[in-house]
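# Architecture at a glance
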Protein chains: 2
Amino acid sequence: MKNIIIASTSTIHGSGPLEYLLDELTVFFKDTSEILFIPYARPGGISHDEYTSNVNKAFSQIGKVAKGIHEFEDPKTAIANAKAIFTGGGNTFVLVNQLYKNGLLESIKQAVNSGTSYLGTSAGSNICGLTVNTTNDMPIVYPPSFKTFGFVPFNINPHYLDPDPTSTHKGETRETRIKEFHAFNTQPVVGIREGSWLAVNGDSIILKGSLSARIFEHGKSPYEVEPGIELNTLK
Amino acid sequence: MKNIIIASTSTIHGSGPLEYLLDELTVFFKDTSEILFIPYARPGGISHDEYTSNVNKAFSQIGKVAKGIHEFEDPKTAIANAKAIFTGGGNTFVLVNQLYKNGLLESIKQAVNSGTSYLGTSAGSNICGLTVNTTNDMPIVYPPSFKTFGFVPFNINPHYLDPDPTSTHKGETRETRIKEFHAFNTQPVVGIREGSWLAVNGDSIILKGSLSARIFEHGKSPYEVEPGIELNTLK
């Protein structure tokens, strides 16, 4: 049975890394003290070691240890043996490229569909959707494909941001970008604001956290859903 | 001899489409009244016809006519016969995908390197650089390659935006994104603010317009260049 948290961000304003999620994670990771960490998204270009060390500072507050997948000789065996996986944020293209390069997409997908707990934040959440076509990240590397896990039957837009009515900037708003996405694609997009996440349990998908999410369905006007609402029928 | 304008944006705040550039374009397009327009980037997902019609509203103010490349039976011949080409903004991935699909990258590159005037705004400017790895756009389609014209020996970041010191949002700033780009790539990136452009004449590349540009070189701290400065040695 799938057991997944798809979080908009690792960090909210004025709070430490993962701090707003730690209570939730204590319950989510209750069956294991060791979490397999996938540091491939390398925020700011930092190394896999440095990223893993940063995550351990947060995890140590709830008695958990993150072990970086790059520390294992055979990453596929590491995935198969893991009780829980955490993929952190950074650059989605770098993340996806490395997952394809190491041939791990299918291994993780199979493990998570078989019940291995999975936490994603930001880039690690993007890849829970059908494709990375709705990432906010700069395409700094060219991955072999934009297809991702598809743990949910729609796309994710993490760090969802409302248009700023005072802005004088002419770059596209997030809503315009997703509207452009729907000129070429039909799957729904869930815009998750910083501080909220999707909790997936088997067939149930529930919005949790403090903020509503914005749903974009092809051919419909965007609309809001409140925390506590099930998104099981969205596809 | 190359004759190119690489503009950050088509439109600046409080002004009509191309309005801030019309004086410059009167001179730039002085040898022709008809401009071949490439509407492939489809801003907001609008059609090629609608986009061409919008551009003609602006061009009519300086006595010019834009003819959409989609109106020609043979786009390659249209490119070879054109005295001037304008590629408008929208989604860079959609633009690049369509250029590859129609096999036009090489034709345009050859024409412009042989002296056909080229105006790019936003997405149409991104493709003047070496690759689209530094676009701000959402990757709503998967193009066969990220390689582009390379009219200048560096990458472009149009709509360059300074970090907002009052922001509480945790998504990456533009500067962080370009820093991440340089963890995987070595070419310089020129961040052009809305209202400025690069004028390329043969081997000369000069920043023009009202605002300074921000230059990101691999392994160096970013720095500003003022309008009027030559960027010929940047590579």
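As recorded in an unreviewed UniProt entry, chain A goes by Dipeptidase PepE and comes from Psychroserpens ponticola.

All names here are of chain A. Summarising burial for strand β5 (residues 117–121): 5 of the 5 residues are buried, a large majority. Going residue by residue along β5, you find S117, L119 and T121 tucked away on one face and Y118 and G120 tucked away on the opposite face as well. In this sheet, β5 lies alongside strand β1 (residues 3–7) in parallel orientation, the contact comprising 4 bridges. Each residue of the ladder has a partner; that of A7, found in β5, is T121. Sheet analysis places strand β4 (residues 84–87) next to β5, joined by 4 bridges and oriented parallel. Paired with I85 across the strands is Y118, a residue of β5.

Taken together, the contact pairs 46 residues of chain B with 46 residues of chain A. With both sides pooled, the region where chain B packs onto chain A buries about 3700 Å², and carbon together with sulfur makes up 61% of that total. Inspection of the region where chain B meets chain A yields 1 salt bridge. Its salt-bridge partner being A:R177, residue B:D137 comes within 4.0 Å of it at the nearest N-O pair. Taken together, chain B and chain A are joined by 19 residue pairs in polar contact (both at pLDDT 80 or more). Tallying contributions element by element places helix α7 (residues 174–181) of chain B first for the side of chain B that touches chain A, with 6 residues.

Thresholds applied
Residues numbered from 1 in each chain as written. Chains lettered and ligands numbered in written order. Predicted model: local features only at pLDDT ≥ 70, side-chain atom pairs only at ≥ 80, totals over all residues. Heavy atoms only, no water. Buried < 20%, exposed > 50% of the residue type's maximum accessible area, 1.4 Å probe, protein only. Helix = DSSP H or I, 4+ residues; strand = E, 2+ residues; numbered from the N terminus. Pairing = 2+ DSSP bridges. Contact = heavy atoms within 4.5 Å. Buried area = accessible area lost by both parts, 1.4 Å probe. Salt bridge = Lys/Arg side-chain N within 4 Å of Asp/Glu carboxyl O. Polar contact = N/O pair within 3.5 Å; in protein donor to acceptor, adjacent residues only side chain to side chain.

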